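Spelled out from the first residue to the last, the chains are:
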Amino acid sequence: MRTDLDYRDRDLFGPVVFRPDFNNFKQINVNEAWSLFFTASREDKALGFNLETGRFFTYSLIAIVVTGVIWAAIFRSF
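The shown structure was predicted, so the numbers you read here are calculated from the model rather than taken from an experiment. (Residues numbered from 1 in each chain as written. Predicted model: local features only at pLDDT ≥ 70, side-chain atom pairs only at ≥ 80, totals over all residues. Heavy atoms only, no water.)

**Q** With reference to specific residues and values, describe the pattern of salt bridges.
**A** For the coordinates displayed, the defined rule picks out 3 salt bridges. For Lys 45, the salt bridge is made with Glu 32, and the minimal N-O distance between the two is 2.8 Å. Separated by 13 residues along the polypeptide, Lys 45 in the loop between helix H1 (30–38) and helix H2 (51–75) and Glu 32 in helix H1 bring together distant segments of the chain. You can call Lys 45 partly exposed: its relative accessible area is 34%. Across the pair Arg 55 and Glu 52 runs a salt bridge, and its minimum N-O distance is 3.0 Å. In this pair, Arg 55 and Glu 52 are both assigned in helix H2, 3 residues apart and thus about one turn of the helix distant. Owing to a relative accessible area of 35%, Arg 55 belongs among the partly exposed residues under this scheme. (Salt bridge = Lys/Arg side-chain N within 4 Å of Asp/Glu carboxyl O. Helix = DSSP H or I, 4+ residues; strand = E, 2+ residues; numbered from the N terminus. Buried < 20%, exposed > 50% of the residue type's maximum accessible area, 1.4 Å probe, protein only.)

**Q** Now, about the packing of H1 against H2: what can you tell me, with residues and values included?
**A** Any two packed helices are characterised by the angle at which their axes cross and by the distance between the axes. Two elements in contact, H1 and H2, have axes separated by 7 Å at closest approach and are oriented at 65°. As judged from the angle between their axes, H1 and H2 are roughly perpendicular. Here H1 runs over H2; the crossing is left-handed. Along the contact surface, H1 presents Val 30, Asn 31, Trp 34 and Phe 38, while H2 presents Leu 51, Thr 53, Gly 54, Arg 55, Phe 57, Thr 58 and Leu 61. Here the contact of H1 with H2 is built from residues that sort into 6 nonpolar, 4 polar and 1 charged. (Axes fitted to C-alpha atoms, helices over the stretch in contact; angles between N-to-C directions. Parallel < 35°, antiparallel > 145°, perpendicular 65-115°, else oblique. Left-handed = near helix turned anticlockwise from the far one by under 90°. Contact = heavy atoms within 4.5 Å. Nonpolar A, V, L, I, M, F, W, Y, C, P; charged D, E, K, R; others polar.)

Next comes the structure, spelled out in structure tokens:
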């Protein structure tokens, strides 16, 4: 069995964002952003290619923030 994987490459185990071929200043989508967040910049394709997954996490975060603001506004006066 022959493998072409080179374990001596220092970029192999480092964060994805510091690899020279990562982004080249292109925009990333929400899945890539959340994948980088959840994996601590180790993998940008961890959530797959379905954009609805990234939107779900984004809208969940927005809902949590809005709920917290409303909660604080209502119970601040008590």
